[in-house]
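Analysis of the macromolecular model
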Amino acid sequence: MADALAGPTRFHVLTIFPTMFVSPFSEGIMARAISNELVEVRPHDIRDYAPDRHRTVDDYPFGGGPGMLMKAAPLFDAVEAARSTARSADCPVILLSPQGRPLTQAVVEELTRVPEMVLVCGRYEGVDERVRDYLVTDEISIGDYVLSGGELAAMVLIDAVSRLLPGVVGSIESTEDDSFTTGLIQHPQYTRPAEYRSWRVPDTLLSGNHAEIARWRRRESLRKTLRRRPDLLETAELTDDDEKYLHQLRQDQTFH
Ligand code: SAM
């Protein structure tokens, strides 16, 4: 985790639409994290670093082709200005990009150890390749699809990282058995009433037997993961008991 003594985890966001960051961080857990000074989101308008009076940040691609590209110079200047205010010299610069490494829960956990980072949001057809080659230190994608800009991706990253920082979510246990944190999909959960439209909550959950409840949850997690995301089982940490249960499920003709 980021060092609490160093102050809030700070996200600098370079964007041509800084006001996009107001509303999503004005509600719920993120708003509280910001007002409690656990997290800071600082949008920087890339247009402030454009050299001309039209505040131009894009230009035609060499060699032709559709659309426009973000120019290198405003991005280099904006990153250097943001980094000059950073608390540490090795503040990473992350380009949000469909070409980047996938944002998984493991990457999110890795980023909780970074106290300050610069997030670069592309627009148009993307950025001049020299930004990728000589400016950014990392490139992250939020999925195999193409957005019209990096802003929503930056918000996803900020939200996912922030909720793992100490004090942001009410009780740390509430993130510990989240999907992916355990390497599996989360078990089913229910709240009151115990019966709704004749659908009853599983008896085990009402039994008060904590060991049985834990066993039921683990098994439901395994069952759901096998059904929906069997790929996760290749890397999840599994006990002998888990392996036995999965073997049983795979043999079971009625399981699908
Ligand atoms: N032509 C680019 C390509 O094929 O790689 C895509 C450009 S996209 C229209 C504009 C910007 O949206 C990108 O520069 C990036 O910042 C952001 N973006 C799009 N999809 C993304 C994704 N899956 N993850 C993160 N950022 C994304």
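Below you will find a few notes about this structure. Keep in mind that this is a model prediction, so the values were computed, not measured. (Residues numbered from 1 in each chain as written. Predicted model: local features only at pLDDT ≥ 70, side-chain atom pairs only at ≥ 80, totals over all residues. Heavy atoms only, no water.)

1. Some points on the overall build of the protein
Threshold: We count a stretch as a helix when DSSP gives it H or I for four or more residues in a row; a strand needs E for two or more, and each element gets its number in order from the N terminus. Type-normalised accessible area, obtained with a 1.4 Å probe on protein chains alone, sets the label of each residue: buried when under 20%, exposed when over 50%, and partly exposed for intermediate values. Only heavy atoms matter for contacts: two residues are in contact if any of them lie within 4.5 Å across the pair. In short, Shrake-Rupley with a 1.4 Å probe defines the accessible areas, and a residue's cover is counted only from the protein chains shown. The charged-residue count follows a simple rule in which Lys and Arg add positive charge and Asp and Glu add negative charge, with His and chain termini not counted at all. A charge is said to be at NZ when it belongs to Lys, at CZ for Arg, at CG for Asp and at CD for Glu.
A count of helices and strands for the protein gives nine helices and nine strands. Taken along the three principal axes of its C-alpha coordinates, the protein extends 70 × 45 × 40 Å. The buried share among the 256 residues of the protein stands at 41%. Restricting to contacts in the protein with at least 6 residues of sequence separation, those with at least 24 account for 74%. Counting only carbon and sulfur atoms, one obtains 51% of the accessible surface of the protein, whose full area is about 15,000 Å². Across the protein, 29 positive and 40 negative side-chain charges occur, with their mean positions spaced 5 Å apart.

2. As for the site of the ligand
Stated precisely, the cut-off is as follows: To be near a molecule or strand, a residue needs just one of its heavy atoms within 4 Å of it. What qualifies as a polar contact is a pair of N or O atoms within 3.5 Å, subject to a donor-acceptor requirement within protein and to the restriction that residues adjacent in sequence count only when both atoms come from side chains.
Around the ligand lies a shell of 19 residues, among which Leu96, Gln99, Gly122, Glu125 and Tyr145 are the nearest. At a separation of 2.6 Å, an oxygen atom of the ligand approaches a polar backbone atom of Leu96. At a separation of 3.1 Å, a nitrogen atom of the ligand approaches a polar backbone atom of Ile142. Here the ligand has 580 Å² of accessible area as a free molecule, and 85% of this is covered by the chains.

3. Let's talk about the packing of aromatic side chains
Defined as follows: The criterion for an aromatic pair is that two Phe, Tyr or Trp rings (for Trp, the six-membered ring) have centres within 6.5 Å, with stacked assigned to planes under 30 degrees apart, edge-to-face to planes over 60 apart and tilted to the rest.
Within this structure, the stated rule accounts for two aromatic pairs. Arranged with centres 6.4 Å apart and planes meeting at 25°, the rings of Phe21 and Phe25 form a pair that is stacked. Between Tyr196 and Trp199 the ring centres are 6.1 Å apart and the planes differ by 55°, which places this aromatic pair in the tilted class. Since its relative accessible area comes to 57%, Trp199 is described here as exposed.

4. Regarding the pattern of salt bridges
A side chain of one charge can pair with a side chain of the opposite charge if their charged atoms are brought near each other. What counts, and what does not: Here, a salt bridge means any Lys or Arg side-chain nitrogen found within 4 Å of an Asp or Glu carboxyl oxygen.
A full pass over the atoms with the stated rule returns 19 salt bridges. Across the salt bridge formed by Asp128 and Arg130, the nearest N and O atoms sit 2.7 Å from each other. When its relative accessible area of 45% is taken as the criterion, Arg130 is described as partly exposed. The salt bridge partner of Asp203 is Arg200, with a shortest N-O separation of 3.3 Å. Ionic contacts of the salt-bridge type, sharing partners, join the residues Arg10, Glu40, Arg42, Arg87 and Glu116 into one network.

5. Quick notes on unusual backbone geometry
In this chain, Arg192 is followed by Pro193 through a cis amide linkage whose omega measures 10°. At Glu37, a position not held by glycine, the phi torsion is positive, near 60°. On the basis of relative accessible area, Glu37 is assigned to the exposed category, the value being 60%. Of note, the phi angle at Phe180 is positive, near 80°, even though the residue is not glycine. For Phe180, the position within the fold is in the loop between helix H6 (173–176) and strand E8 (195–196).

6. What to know about a nonpolar patch on the surface
How we decide: Each patch is built from salt-bridge-free residues with over 30% relative accessible area, joining like charges within 9 Å and nonpolar side chains (Val, Leu, Ile, Met, Phe, Trp, Tyr) within 5 Å.
Where nonpolar side chains cluster on the molecular surface, the patch consists of Tyr145, Leu147 and Leu152 and spans about 280 Å² of accessible area. The residue Leu147 is located in the loop between strand E7 (138–141) and helix H5 (151–162) in this model.

7. Quick look at the pairing of strand E5 (residues 93–102)
Condition: By this definition, two strands are paired if DSSP reports at least two bridges between them.
Across four bridges, E5 lies against strand E6 (residues 116–121) in parallel orientation. When the sheet's bridge partners are listed, Ile94 is paired in E6 with Leu119.

8. Observations regarding the state of the cysteines
Where two cysteines share a covalent bond between their sulfur atoms, that bond is called a disulfide. Heads up, the rule is: In this description, the term disulfide denotes a pair of cysteine sulfurs within 2.5 Å.
For the structure on display, the rule yields zero disulfides. Lacking any disulfide linkage, Cys91 is separated from the closest cysteine sulfur, that of Cys121, by 14 Å.

9. Some points on the environment of Glu37
Following the sequence through the fold, Glu37 ends up in the loop between helix H1 (28–35) and strand E2 (39–45). Along the backbone, Glu37 and Thr9 are 28 residues apart, and their C-alpha atoms lie at a distance of 8.6 Å.

Geometric descriptors of this kind do not, in isolation, establish any biological role.
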